[in-house]
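The residues making up each chain are set out below.
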Amino acid sequence: MENETVVESTTTEERNKENMIYFHLPDYSQHFRMNYLLATLMRDCPEYFHPNIAIGSIYGSFPGAIWNGGRLLLGGCVSREDIIQCYKAFNDIGIPLRHTFTNSLIDNKLVWDAYCNEIMKLGDNGLNQVLVNSPDLERYIRETYPNYPVLSSTTKRIKNLDAVVKEQKEGNYHLVVLDYSLNRNPKIFFLDNPDKYEILINAYCCDDCPNRVKHYKEMARDQIHFGHIASEDGNDIGPCKYVGDDFYTALANRKSILKVDEIYGFYKESGFRHFKIEGRTTNTFDVLESYMYYMVKPEYKDHVRLLMLRRIFEPQQPQQQIMIMTPEQIKELEEKGQVTKLTNNLT
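Residues numbered from 1 in each chain as written. Predicted model: local features only at pLDDT ≥ 70, side-chain atom pairs only at ≥ 80, totals over all residues. Heavy atoms only, no water.

1. Topic: the pairing of strand E1 (residues 21–26)
Part 1 of the reasoning: Among the 6 residues of E1, 6 are classified as buried, and the element is accordingly described as predominantly covered.
Part 2 of the reasoning: The two faces of E1 match: Ile21, Phe23 and Leu25 on one face and Tyr22, His24 and Pro26 on the other face are all buried.
Part 3 of the reasoning: Note on the crossover from E1 through helix H2 (residues 32–44) to strand E2 (residues 53–60): the handedness is right-handed.
Part 4 of the reasoning: Pairing of E1 with strand E8 (residues 274–276), which is carried by 3 bridges, proceeds in the parallel orientation. (Buried < 20%, exposed > 50% of the residue type's maximum accessible area, 1.4 Å probe, protein only. Helix = DSSP H or I, 4+ residues; strand = E, 2+ residues; numbered from the N terminus. Right-handed = clockwise from strand over helix to strand, strands pointing away. Pairing = 2+ DSSP bridges.)

2. With respect to a nonpolar patch on the surface
Part 1 of the reasoning: On the surface, a cluster of nonpolar side chains totalling about 260 Å² of accessible area is made up of Leu72, Leu74 and Phe226.
Part 2 of the reasoning: For Leu74, the position within the fold is in the loop between E2 and helix H3 (80–91).
Part 3 of the reasoning: Given a relative accessible area of 34%, Leu74 falls into the partly exposed group. (Patch = residues over 30% accessible without salt bridge, like charges linked within 9 Å, V, L, I, M, F, W, Y side chains within 5 Å. Areas by Shrake-Rupley, 256 points an atom, 1.4 Å probe, with all protein chains shown as cover. Salt bridge = Lys/Arg side-chain N within 4 Å of Asp/Glu carboxyl O.)

3. Details of the packing of helix H10 (residues 284–295) against helix H11 (residues 301–313)
Part 1 of the reasoning: For the pair H10 and H11, interaxial distance at closest approach is 10 Å and the crossing angle is 145°. The two elements H10 and H11 meet at a crossing, and its hand is right-handed. Packed against H10, whose contacting residues are Phe285, Leu288, Glu289, Met292 and Tyr293, the element H11 presents Lys301, Val304, Arg305, Met308, Leu309 and Phe313 at the interface.
Part 2 of the reasoning: For the contact of H10 with H11, the residue count by class is 8 nonpolar, no polar and 3 charged. (Axes fitted to C-alpha atoms, helices over the stretch in contact; angles between N-to-C directions. Left-handed = near helix turned anticlockwise from the far one by under 90°. Contact = heavy atoms within 4.5 Å. Nonpolar A, V, L, I, M, F, W, Y, C, P; charged D, E, K, R; others polar.)

4. Digging into the packing of aromatic side chains
How two aromatic rings sit relative to each other is set out by the distance from centre to centre and by the angle between their planes.
Part 1 of the reasoning: What the rule picks out here adds up to 22 aromatic pairs.
Part 2 of the reasoning: Each ring, one from Phe32 and one from Phe90, has its centre 5.4 Å from the other, and the planes form 80°; the classification is edge-to-face. Of this pair, Phe32 sits in helix H2 while Phe90 is found in helix H3, placing the two residues 58 residues apart along the sequence.
Part 3 of the reasoning: For the pair Phe247 and Tyr294, a centre-to-centre distance of 6.0 Å together with 75° between the ring planes defines the contact as edge-to-face. Taken together, the residues span a long stretch of sequence, with Phe247 in helix H8 (residues 247–253) and Tyr294 in helix H10 at a distance of 47 residues.
Part 4 of the reasoning: By relative accessible area, Tyr294 is classed as buried at 0%. (Phe/Tyr/Trp six-rings, centres within 6.5 Å; stacked < 30°, edge-to-face > 60°.)

5. Remarks on the side chain of Asn117
Part 1 of the reasoning: Turning to its location among the elements, Asn117 is positioned in helix H4 (residues 114–122).
Part 2 of the reasoning: Engagement of the side chain of Asn117 in a polar contact is seen with the backbone oxygen of Asp113, the distance being 2.7 Å.
Part 3 of the reasoning: At 2.6 Å, the side chain of Asn117 forms a polar contact with the side chain of Tyr140.
Part 4 of the reasoning: For Asn117, the residues in contact, after removing those within four places along its chain, are Trp67, Val111, Trp112, Tyr140 and Tyr145. (Polar contact = N/O pair within 3.5 Å; in protein donor to acceptor, adjacent residues only side chain to side chain.)

Take it as geometry only, folks, not as evidence of what the structure does.
Structure representation (structure tokens):
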């Protein structure tokens, strides 16, 4: 009987895991405080979030890392102590950091960069992950840091579904992050093992942007040179004009952006479990709003947003116990004359 109980428990755990949705969030460096606050709030008050969701990873890069790709992230190198603290903050609550080492211009000479190697060494614990888009760098990482799960980056812009399937089957990747142009392609719902793919759900770029690959290469070149370097033909694209749109403007005008009911509906029912929220260099308020839209139950969005903003912009305040009440609970407390007392505890 004891063995039967263990088997049933394991089966239930596996079933629950299969029913989970994992959101992959930006950015452990640029949005460190906001992401940590969100993670701890989800841990302490899970009832205010959609059921069966979790943070699958915090992706991004530390400033000054030449292996970084996808977005330009300049600045001085982060200290060894700060890198360790960043790993510890998220790893201690079970969340991996996912390095966006997707600079497609990294060759066999640049794989020896001391700073990037130190970042990898400090997080080499089997939990943290790495995204790649350079054959030389991928080969080096697999040989030097075999404990890291390796993911195929959306910056590869693989838009052919046969090529996508080949990438997943032959590449030995932990996950393949799909190009956002495939979000509305009905054929993706017939992919085998949809839980092996990750969907970029809110790309701010225009639908199927014709300049996206070139823009990635421009940023890759600038990242290596620690600043802008003009291209030989002089036809630089420059900053993307669409990234200035706010979250709801993008949501209303991009066909590729998934609606919240679609994620928890047909996409989840079709077996997709991994969803990437864009926003590494996006305005903090827009990133926060995307979290509210995709992750928080509608009746708690305003209160959760307020709590998050207070702790982001007034970090010197004592960290009080978080209380979120429904209108019915507030009315009950008003009748008992206890609202003032509770309000004082929250300020």
